[in-house]
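Analysis of the macromolecular model
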Number of protein chains: 2
Amino acid sequence: MNSETLNYIGRIRTPNKTTSDCPGQARPENGTSRIEVDETFLPALKGIESESHLQILYWFDKADRDAMQRVPKWSKNGEEYGVFALRSPMRPNPIALSTVELMNVEGNVLTVSAMDCIDGTPLLDIKPFLNQLERSGK
Amino acid sequence: MNSETLNYIGRIRTPNKTTSDCPGQARPENGTSRIEVDETFLPALKGIESESHLQILYWFDKADRDAMQRVPKWSKNGEEYGVFALRSPMRPNPIALSTVELMNVEGNVLTVSAMDCIDGTPLLDIKPFLNQLERSGK
């Protein structure tokens, strides 16, 4: 098999109505966002309140999946870079990833430090953050 | 739409033949792994050699996607935790995530610090690592 089916497990709530409203990255100084997990998955949240930081995986459903290269804002001379060398939403599998601070848990709703996506963005997964680079001494 | 199709974009090469051979997490002290990106995506790697660390997204194709809770090894009294509070491969969308050091790039093959999956695990995405927590002062 060379493909898989991903199912949406919730939605991310932000004040951003369009992609042009979105900041380039999740930034705590932009306030908070809400993650609404589908109630079906409530048992899968058990124990999450003891985590300080989470990695959120979500889906950039408006992304161009055929893009191979892009010109990032910081590019000199308009040089293109490969999408695997960029965090652009445009990529073959547009899975977005942000590390956020977990601020509150109320039932199936998590309040986290501000994310970078439009309101209603589909949620794919939530993982407790493991500081691998801290462990490896970076 | 409530689901999406993910396409494999390559394979991860490790010495681990079965899931019981796999360490619990990607750990640099376990040596190196190879990431073989499908040649179709060679243009998408342009510029990646200047990154020191990458976030690799891959697919745990042997995972139980119906699991909601698991008993982690460190659990006291056999208490169960929700899969979103664990990094267990068992989860609704079994997307695996490791942060690794990039050691070499040769065409479509990346050599990185050791990953935690079996040989041949499907690759989904590669992103340059952005140390958000360092920026936010954690």
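I will try to describe carefully the structure that is included in this document. (Residues numbered from 1 in each chain as written. Chains lettered and ligands numbered in written order. Predicted model: local features only at pLDDT ≥ 70, side-chain atom pairs only at ≥ 80, totals over all residues. Heavy atoms only, no water.)

**A short note on the overall build of chain A**
We apply this condition: Working definition: helices are DSSP H or I runs of at least four residues, strands are E runs of at least two. Numbering for both runs from the N terminus. Think of it in three bands: with a 1.4 Å probe and only protein chains considered, a residue is buried below 20% of the maximum accessible area for its type, exposed above 50%, and partly exposed in between. Surface exposure here means Shrake-Rupley accessible area, sampled with a 1.4 Å probe, where a residue is shielded only by the protein chains that are shown.
Along its length, chain A carries one helix and nine strands. Each helix and strand of chain A, ordered N terminal to C terminal, gives the series β-β-β-β-β-β-β-β-β-α. Along the first, second and third principal axes, the C-alpha set of chain A runs to 50 × 35 × 35 Å. Classification of the 138 residues of chain A by burial places 52% in the buried group. Of the roughly 6,500 Å² of accessible surface on chain A, 45% is carried by carbon and sulfur atoms.

**What to know about the interface of chain A and chain B**
As a reminder of what qualifies: It only takes one pair of heavy atoms within 4.5 Å for two residues to be counted as in contact. A quick way to say it: buried area is the sum, across both parts, of accessible area lost when two parts are put together, with a 1.4 Å probe. We count a salt bridge whenever a side-chain nitrogen from Lys or Arg sits within 4 Å of a carboxyl oxygen from Asp or Glu. N or O atoms within 3.5 Å of each other form a polar contact, as long as, within protein, one can give a hydrogen and the other can take it, and as long as residues adjacent in sequence are counted only when both atoms are side-chain atoms. Residue polarity follows a fixed list, in which Ala, Val, Leu, Ile, Met, Phe, Trp, Tyr, Cys and Pro are nonpolar, Asp, Glu, Lys and Arg are charged, and the others, Gly among them, are polar.
Each partner contributes residues to the interface: chain A has 62 residues there, and chain B has 61 residues. For the pair chain A and chain B, the summed buried surface comes to about 5,800 Å²; carbon and sulfur atoms form 55% of the total. Counting across the interface, chain A meets chain B through four salt bridges. One salt bridge in this structure joins Lys46 of chain A and Glu79 of chain B, with 3.5 Å as the shortest N-O distance. Counting across the interface, chain A meets chain B through 34 residue pairs in polar contact (both at pLDDT 80 or more). Within the residue set of the side of chain A that touches chain B, elements represented by two or more residues are strand S1 (3–7), strand S4 (53–59), strand S6 (81–82), strand S7 (95–106), strand S9 (121–128) and helix H1 (132–135) of chain A. For the side of chain A that touches chain B, the class distribution of residues is 30 nonpolar, 17 polar and 15 charged.

**Topic: the relation of the copies chain A and chain B**
Keep this limit in mind: The atoms used to superpose the copies are C-alpha atoms, taken from residues with pLDDT of at least 70 in both, and the fit is least squares.
Mapping chain A onto chain B is achieved by rotating through 180 degrees and translating by 0.0 Å along the same axis, at an RMSD of 0.0 Å. Within this description, the copies of the chain are treated as partners about a two-fold rotation axis. The C-alpha atom lying nearest the rotation axis in chain A is that of Thr5 of chain A; the distance is 2.4 Å.

**Notes on the nonpolar core**
The line we're drawing: Within this scheme, the nonpolar core is defined by two criteria: the residues are buried Ala, Val, Leu, Ile, Met, Phe, Trp, Tyr or Cys, and they are joined through side-chain atoms within 4.5 Å.
In terms of nonpolar packing, the biggest core is built from 26 residues, with Phe84 of chain A together with Ile35, Ile56, Leu110, Met115 and Ile126 of chain B touching the most fellow members. When neighbours within four sequence positions are excluded, Leu110 of chain B is seen to be in contact with Ser33, Arg34, Ile35, Leu45, Ile48, Leu54, Leu102, Asn104, Val105 and Ile126 of chain B. Formed by 25 residues, the second largest nonpolar core is a distinct cluster that contains Ile35, Tyr58 and Ala96 of chain A together with Ala85 of chain B.

**Examining the pairing of S9 of chain A**
All names here are of chain A. Our working rule: A pair of strands is treated as paired once DSSP finds two or more bridges between them.
Counting buried positions over the eight residues of S9 gives eight, a clear majority of the element. The pairing of strand S2 (residues 10–13) with S9 spans three bridges and is antiparallel. Bridged to Gly10 within S9 is Leu123. Relative to S9, S4 is paired through five bridges, and the arrangement is antiparallel. Across the sheet, Tyr58 pairs through a bridge with Leu123, a residue of S9.

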